[in-house]
Amino acid sequence: MELKNVVAVSKEGVQIKDMPGLRDIMDGLVYQAVFSEDDKRSALLVLIKEIAKAAGTVPSSIQSLYEAMGRSYPGFTVPAINIRGLAYDSVKAVFRKALEMNVGALIFEIARSEIGYTKQRPLEYAAVVLAAAVKEGYQGPVFIQGDHFQLVRKHYLSDPKAETDYIKGLTKEAIEAEFYNIDIDSSTLVDLEKETIKEQQRPNFEKTAEIATYIREIQPGGVEISIGGEIGEIGKKNSTPDELKAYLDGFKETFKSGKGLSKLSVQTGTSHGGVVMPDGTLAKVKIDFETLRILSDLARKDYGLSGCVQHGASTLPEEAFHMFPETGTSEVHLATGFQNIIYDSNVLPAEFREEVYNFIKQEHAKERKEGQTEEQFMYSTRKKGFGPLKKKWWDLPSSVKEPIMKELEAKFGLLFEKLKVTNTTDIVKKNVKPVVIKKEVDYSLLGL
């Protein structure tokens, strides 16, 4: 079926003529959009987003839900899911499980670093997420987030303006792609050589305020972007109440451009991807849940935030996840665990896995750290096998992808249950009113 038979376009925008037909062609349409090398690519990606909005699937800000959580914590923790590989299939799996379990409170996100090594610019990522939603029949607000829009310390110290401008440029690109949730991470700039905690946090809260002001200046009319801050760099020492207060008080004094932060990322003992032992197994990580409880309670009661955010949690043991809602954690970021399911699946062809690993060994040999075993090096680096070989991943046969997606669905279902986001569609609908922002696209390039 041709695209023009299922959608119509006019000056008013996109209209869907045949929804079942549209879903039938969506797999091919998103594939064409992602892998097209001509001028049609951007037009197709924008068209997919416009189709989604016409279908009632709207990129949205989670701000108003988080404001409600700040007033009265509802007892669930929002999963923020980073999709690195097999993106379209993986997001479809998320939506299938979300529909089955009536989940509305969930976020799809991608970090600054992931945008690079997975070769998914914001426009592509947003289009893929929304295409998957349309394919599976998911309607309502969809929360897409820029995760860890981080100022790299060494780059910043070398040229503060260039690094700041890079983050502003990335933020602008993301907002234009309809990422209406942005996490600013300037925790890398904390200066522990200063005498007081506030002075240590000053570079952090001042830079966060600068970028948050920029976000408020460029956000589209009718949309209040949700902005997150961070005080504890992942893998470093645990955050403290004094650090939280110094950062949030300093931010409040510095930021004068409307609504401030909706949440705050803290450090409680995790590291991104987990800690890998010499034999390739993961060390057991202990999260300081009492720190999460104290800091989340403080963030809500004294500052009106939704609570605190936990990073680097996807490789935790399953029995740990129920603690996040019990400690009032408002959001938890999940990535590597899903990647592990894909790479370690018994149905992934051994020869394909070896092809990816050989590519990594050749292209990223300089990243091997002294003393690393082969298993440690591969575990820490294999995330970089998704982007350059993206088409080969997408081209894997359904006989391989479908069983992997079943494994992922089971994991998503477990997390939704443990984080208590089942049956959250109504609370999201009550608090979040999607705003449709129409984007211009040259439909003549697409023969429409």
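Residues numbered from 1 in each chain as written. Predicted model: local features only at pLDDT ≥ 70, side-chain atom pairs only at ≥ 80, totals over all residues. Heavy atoms only, no water.

J.: Please set out the overall build of the protein chain residue by residue, giving values where relevant.
T.: What the protein chain contains, in helices and strands, is 18 helices and 11 strands. Expected size for 448 residues packed as a compact globule is a radius of gyration near 22 Å; at 21 Å, the protein chain falls within 12% of this value. Taken along its principal axes, the extent of the C-alpha atoms in the protein chain is 65 × 50 × 45 Å. For the protein chain, the residues scored as buried account for 58% of the 448 residues in total. Long-range pairs, those at least 24 residues apart, make up 78% of the contacts in the protein chain with a sequence separation of at least 6. Counting every atom, the protein chain has about 18500 Å² of accessible surface; 49% of that belongs to carbon and sulfur. The distance from the centre of the 60 positive side-chain charges to the centre of the 65 negative ones in the protein chain is 2 Å. (Helix = DSSP H or I, 4+ residues; strand = E, 2+ residues; numbered from the N terminus. Rg over C-alpha atoms; globule rule 2.2 N^0.38 Å. Buried < 20%, exposed > 50% of the residue type's maximum accessible area, 1.4 Å probe, protein only. Contact = heavy atoms within 4.5 Å. Areas by Shrake-Rupley, 256 points an atom, 1.4 Å probe, with all protein chains shown as cover. Lys, Arg positive; Asp, Glu negative; His and termini not counted. Charge placed at Lys NZ, Arg CZ, Asp CG, Glu CD.)

J.: Run through the nonpolar core, naming residues and quoting values.
T.: Counting residues in each nonpolar core, the largest one holds 137 residues, and the members touching the most others are Phe108, Phe324, Trp393 and Phe416. Counting residues per element, this core draws most heavily on helix α6 (residues 122–136), at 10 residues. Excluding its chain neighbours within four sequence positions, the residues that come into contact with Phe324 are Tyr73, Thr77, Ile287, Phe289, Leu292, Gln310, Ala313, Leu316, Thr329, Val332 and Leu419. (Core = buried A, V, L, I, M, F, W, Y, C linked by side-chain atoms within 4.5 Å.)

J.: Please provide a residue-by-residue account of the packing of helix α4 (residues 87–101) against helix α17 (residues 398–418), values included.
T.: Here α4 crosses α17 at 45°, and the two axes come no closer than 9 Å. Taken together, the axis directions place α4 and α17 in an arrangement best described as oblique. Viewed along their axes, α4 and α17 form a crossing whose handedness is right-handed. Of the residues in α17, those touching α4 at Asp89, Ser90, Ala93, Val94, Arg96, Lys97, Ala98 and Met101 are Lys401, Met405, Leu408, Glu409, Phe412, Gly413, Phe416 and Glu417. Residue composition of the contact of α4 with α17, by class: eight nonpolar, two polar and six charged. (Axes fitted to C-alpha atoms, helices over the stretch in contact; angles between N-to-C directions. Parallel < 35°, antiparallel > 145°, perpendicular 65-115°, else oblique. Left-handed = near helix turned anticlockwise from the far one by under 90°. Nonpolar A, V, L, I, M, F, W, Y, C, P; charged D, E, K, R; others polar.)

J.: Can you tell me about the pattern of salt bridges, naming the residues and giving the values?
T.: Taken as a whole and judged by the stated rule, the model has 35 salt bridges. Residues Lys161 and Asp165 are paired through a salt bridge, measuring 2.6 Å at the closest nitrogen-oxygen approach. Residue Lys161 and its partner Asp165 are both found in helix α8 (residues 160–176); the two are separated by four residues, about one turn of the helix. Note on Lys161: relative accessible area 60%, which makes it exposed. Since its relative accessible area comes to 35%, Asp165 is described here as partly exposed. Between Lys245 and Asp242 there is a salt bridge, with the nearest N and O atoms lying 4.0 Å from each other. Pair noted here: Lys245 and Asp242 are both in helix α10 (residues 241–254), with a separation of three residues, about one helical turn. Judged by its relative accessible area of 33%, Lys245 falls in the partly exposed class. (Salt bridge = Lys/Arg side-chain N within 4 Å of Asp/Glu carboxyl O.)

J.: So, the packing of α10 against helix α11 (residues 289–303): which residues are in play, and what are the values?
T.: Packing of α10 against α11 brings their axes to within 10 Å, and their N-to-C directions diverge by 30°. Judged by the twist between their axes, the crossing of α10 over α11 is right-handed. In contact with Pro241, Leu244, Lys245, Leu248 and Asp249 of α10, α11 contributes Ile294, Leu295, Leu298, Ala299 and Tyr303. For the contact of α10 with α11, the residue count by class is eight nonpolar, no polar and two charged.

J.: Any details on the packing of aromatic side chains? Residues and values, ideally.
T.: Ring pairs (aromatic) are described by centroid distance and by the angle formed between their planes. Applying the stated criterion across every chain, the model contains 16 aromatic pairs. Ring geometry for Tyr31 and Trp394: centres 6.1 Å apart, planes at 55°, overall tilted. Here Trp394 lies in helix α16 (residues 390–394) and Tyr31 lies in helix α1 (residues 19–35), a separation of 363 residues in the sequence. Assessed through its relative accessible area of 8%, Trp394 is described here as buried. (Phe/Tyr/Trp six-rings, centres within 6.5 Å; stacked < 30°, edge-to-face > 60°.)

J.: Before we move on, could you go through the pairing of strand β4 (residues 78–82) and cite the residues and values that matter?
T.: Most of β4 sits inside the fold, with five of its five residues counted as buried. Pairing of β4 with strand β11 (residues 331–334) involves four bridges; the strand directions are parallel. Following the sheet pairing, Ile81 is matched in β11 by Leu334. Pairing of β4 with strand β5 (residues 107–111) involves three bridges; the strand directions are parallel. From the neighbouring strand, Ile81 faces β5, where its bridge partner is Phe108. One crossover worth recording links β4 to the parallel β5 by way of α4, and it is right-handed. (Pairing = 2+ DSSP bridges. Right-handed = clockwise from strand over helix to strand, strands pointing away.)

J.: An account of the side chain of Ser262 is requested, with residue identities and associated values reported.
T.: Mapped onto the elements, Ser262 comes out in the loop between α10 and β9 (263–266). The exposure class assigned to Ser262 is buried, which follows from its relative accessible area of 4%. Setting aside anything within four residues of it in sequence, one finds Ser262 in contact with Gln63, Tyr66, Ser226, Ile227, Leu305 and Ser306.

J.: Tell me about α11, and please be specific about residues and values.
T.: In a regular helix each residue adds 1.5 Å, so 15 residues correspond to 21 Å; α11 covers 20 Å between its end C-alpha atoms and thus fits that length. In this fold, the buried residues of α11 make contact with α3 (63–71), α10, β9, β10 (308–310) and α12 (323–326). Following α11 by one or two positions, Gly304 adopts a phi angle in the positive range, close to 75°. (Expected span 1.5 Å × (residues − 1).)

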